[in-house]
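These are the residues of each chain, in order.
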Amino acid sequence: MPTSPDNRLGIILLSGYLGSGKTTWLRHAIFAKSYGNVQVFVQEAAQQPIDDLLLDRAMNVKVLTGKAGTSEGNDEMVAALLELAETRTRENHARQPDTLIIETSGLANPAEIIVAIREHPILVYHFALRETIIMSDALHFRAALESDVLCHQQLLAADRVVISKSEDLPAQSLANLIATVTKINPAAAVSLSTFGVE
C-alpha cells in the first residue's frame, strides 16, 4: 500500500489541462483499486460538477474551490491537508485511506503544490509525495507545449506522463509527440491511455 513505513500517507498528484483525461483516468484508477482505498481532493472551480462515480468509489471526495496558482488556492490546499492530517491522527487506522489523490486544476503548476508540502513544518511529517502524473491530450499537447508556459511547467514537474486519446493520432505523429515529451523531461516515464486505461 502507498502508506509509507513511517505511516505518512502517500500522495499521487494528478495534473493536466481541462479535457486531458484526468477524471477519466482517476475514475478507472479508483474502480480498479490501483492505489487501494483512496481519498480524493479535487481542485477545480466551484461550479465544476464532480463525477458521481468518484463519489461512489472513493472513500471521500473533497472539492477545493480556491483558484489554483494563487495564495488563496494554496492556502486552501494546505488547510485541507492539515485537516486530513488531524483526522488521521484521531481516527482508527482501519478507517483511513491508503492513498490521497489530488486532482489539480488545469491552471495549477504542480511544482508549487510539491514545494508547499515538502517545506511545510507539519505536512512533511504526515504526507509523502509518491508520484506526479501529468495527463496530456494526444491531439493538442504538442501545440500546447509550444505555446503555453504553464503546460511546459507541468511537464517538467512530472514523474510520469500519461498520453490520452493516443488512438486518435497517426503512429508517426504519436512517436514524434513521445520524443518531444522525452526531450523536455527525460526522467519522466511515458504511457498511453485509452478511456482511462493504460
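How each quantity is defined
Chains are numbered independently. Their residues run from 1 in the order of the written sequence. Per-residue local features of the predicted model are confined to residues with pLDDT of at least 70, and side-chain atom pairs are confined, for both listing and counting, to 80 or more; whole-chain, interface and lining totals are unaffected and use all residues. With hydrogens and water excluded, all non-hydrogen atoms of the structure serve as input to the side-chain values. Here a helix means four or more residues in a row that DSSP labels H or I, a strand means two or more in a row labelled E, and each is numbered from the N terminus. For a helix, the expected span equals 1.5 Å multiplied by the number of residues minus one. Categorising residues by exposure relies on relative accessible area from a 1.4 Å probe, with only protein chains included: less than 20% of the type maximum marks a residue as buried, more than 50% marks it as exposed, and the intermediate range marks it as partly exposed. By construction, the arc corresponds to the directions joining the helix axis to the C-beta atoms. For two strands to count as paired, DSSP must find a minimum of two bridges between them. Axes here mean lines fitted to C-alpha atoms, for a helix over just the part in contact, with angles spanning 0 to 180 degrees between N-to-C directions. In this analysis, two residues are considered to be in contact whenever any of their non-hydrogen atoms come within 4.5 Å of each other. Pairs of N or O atoms within 3.5 Å make up the polar contacts considered here, provided that, within protein, one atom can donate a hydrogen while the other can accept it, and that residues adjacent in sequence are counted only when both atoms are side-chain atoms. A side-chain nitrogen of Lys or Arg and a carboxyl oxygen of Asp or Glu constitute a salt bridge if their distance falls within 4 Å. Aromatic rings from Phe, Tyr and Trp, with only the six-membered ring used for Trp, were paired whenever their centres fell within 6.5 Å, and each pair was classed as stacked if the ring planes differed by under 30 degrees, edge-to-face if by over 60, and tilted otherwise.

Chemist: How should helix H3 (residues 71–90) be read in this particular structure?
Modeler: In an α-helix, one turn spans 3.6 residues; hence positions three or four apart end up facing the same way. The terminal C-alpha atoms of H3, which comprises 20 residues, lie 29 Å apart, in line with the 28 Å expected from a rise of 1.5 Å per residue. Buried within H3 are the following residues: Gly 73, Met 77, Val 78, Ala 80, Leu 81, Leu 84, Ala 85 and Arg 88. End-on view of H3: buried residues confined to an arc of 160°, all on one side of the axis. Away from its buried face by more than 90 degrees, H3 exposes Ser 71, Glu 72, Asp 75, Thr 89 and Arg 90.

Chemist: Would you mind going over unusual backbone geometry with me for this structure?
Modeler: As a rule of thumb, non-glycine residues mostly have phi less than zero, and peptide bonds are mostly trans rather than cis. If you check the backbone angles, Lys 33 has positive phi at about 55° while not being a glycine. Structurally, Lys 33 is set in the loop between helix H1 (22–31) and strand E2 (38–43). Even without glycine at this site, Lys 165 takes up a positive phi of about 60°. Within the secondary structure layout, Lys 165 lies in the loop between strand E6 (160–164) and helix H7 (171–184).

Chemist: Would you take a moment to explain the pairing of strand E5 (residues 127–137) for this structure?
Modeler: Looking down a regular strand, the side chains alternate between one sheet face and the other. For E5, the tally of buried residues reaches 10 of 11 residues, placing the bulk of the element in the interior. By the bridge criterion, 7 bridges tie strand E1 (residues 9–15) to E5 in an arrangement that is parallel. Following the sheet pairing, Ile 11 is matched in E5 by Leu 129. Bridge analysis of E5 against E6 gives 5 bridges, and the strand direction is parallel. Within E6, the position partnered with Met 135 by the bridge is Val 162.

Chemist: Would you explain the sheet that holds strand E3 (residues 60–64) in this entry?
Modeler: Strand pairing in a sheet relies on backbone hydrogen bonds. The paired strands run either parallel or antiparallel. The parallel open sheet is built from 7 strands, whose spatial order is E3-E2-E4-E1-E5-E6-E7. If you trace the sheet from one side to the other, it starts and ends with E3 and strand E7 (189–193), each paired once. Taken pair by pair, the neighbouring strands of this sheet meet at an average axis angle of 20°, ignoring direction. As defined by bridge partners, E2 adjoins strand E4 (residues 99–103) across 5 bridges and the pair is classed as parallel. If you follow Val 38 over to E4, its bridge partner there is Thr 99. Against the sheet, H3 engages E1, E2, E3, E4 and E5, with an angle of about 165° to E2.

Chemist: What's the story with the environment of Arg 130 in this structure? I'm lost.
Modeler: One can find Arg 130 in strand E5. With 31 residues separating them along the chain, Arg 130 and Thr 99 place their C-alpha atoms 9.4 Å apart.

Chemist: I keep staring at helix H6 (residues 149–156) and nothing clicks. Help me out?
Modeler: Buried residues of H6: Leu 150, Cys 151, Gln 154 and Leu 155, and no others. When H6 is viewed along its axis, its buried side chains cluster within an angular range of 140° and face the same direction. Looking at the buried positions of H6, the neighbouring elements they touch are E1, helix H4 (110–118), E5, helix H5 (141–147), E6 and H7. Taking the backbone nitrogen of Leu 150 as reference, a side-chain oxygen 2.8 Å away marks Asp 148 as the first, capping residue of H6.

Chemist: What should I look at first to understand the pattern of salt bridges in this one?
Modeler: Think of it this way: side chains of opposite charge can pair up when their charged atoms draw near. On inspection of all chains with the given rule, the structure shows 5 salt bridges. Across the pair Glu 83 and Lys 62 runs a salt bridge whose closest N-O atoms are separated by 3.7 Å. Of this pair, Glu 83 sits in helix H3 while Lys 62 sits in strand E3, and the two are 21 residues apart along the sequence. Classification of Glu 83 as partly exposed rests on a relative accessible area of 45%.

Chemist: Is there a simple way to explain the packing of aromatic side chains in this structure?
Modeler: The geometry of an aromatic ring pair is captured by two quantities: the separation of the ring centres and the angle between the planes. The tally for this structure, following the rule as stated, stands at 1 aromatic pair. Both rings, one in Trp 25 and one in Tyr 35, keep their centres 6.2 Å apart while their planes meet at 50°; by these two values the pair is tilted. Pair noted here: Trp 25 is in helix H1 and Tyr 35 is in the loop between H1 and E2, with a separation of 10 residues, a long-range link. Taking the relative accessible area as the measure of exposure, Trp 25 reaches 3% and is therefore buried. For Tyr 35, a relative accessible area of 12% translates into the label buried.

Distances and angles like these do not, on their own, reveal function.
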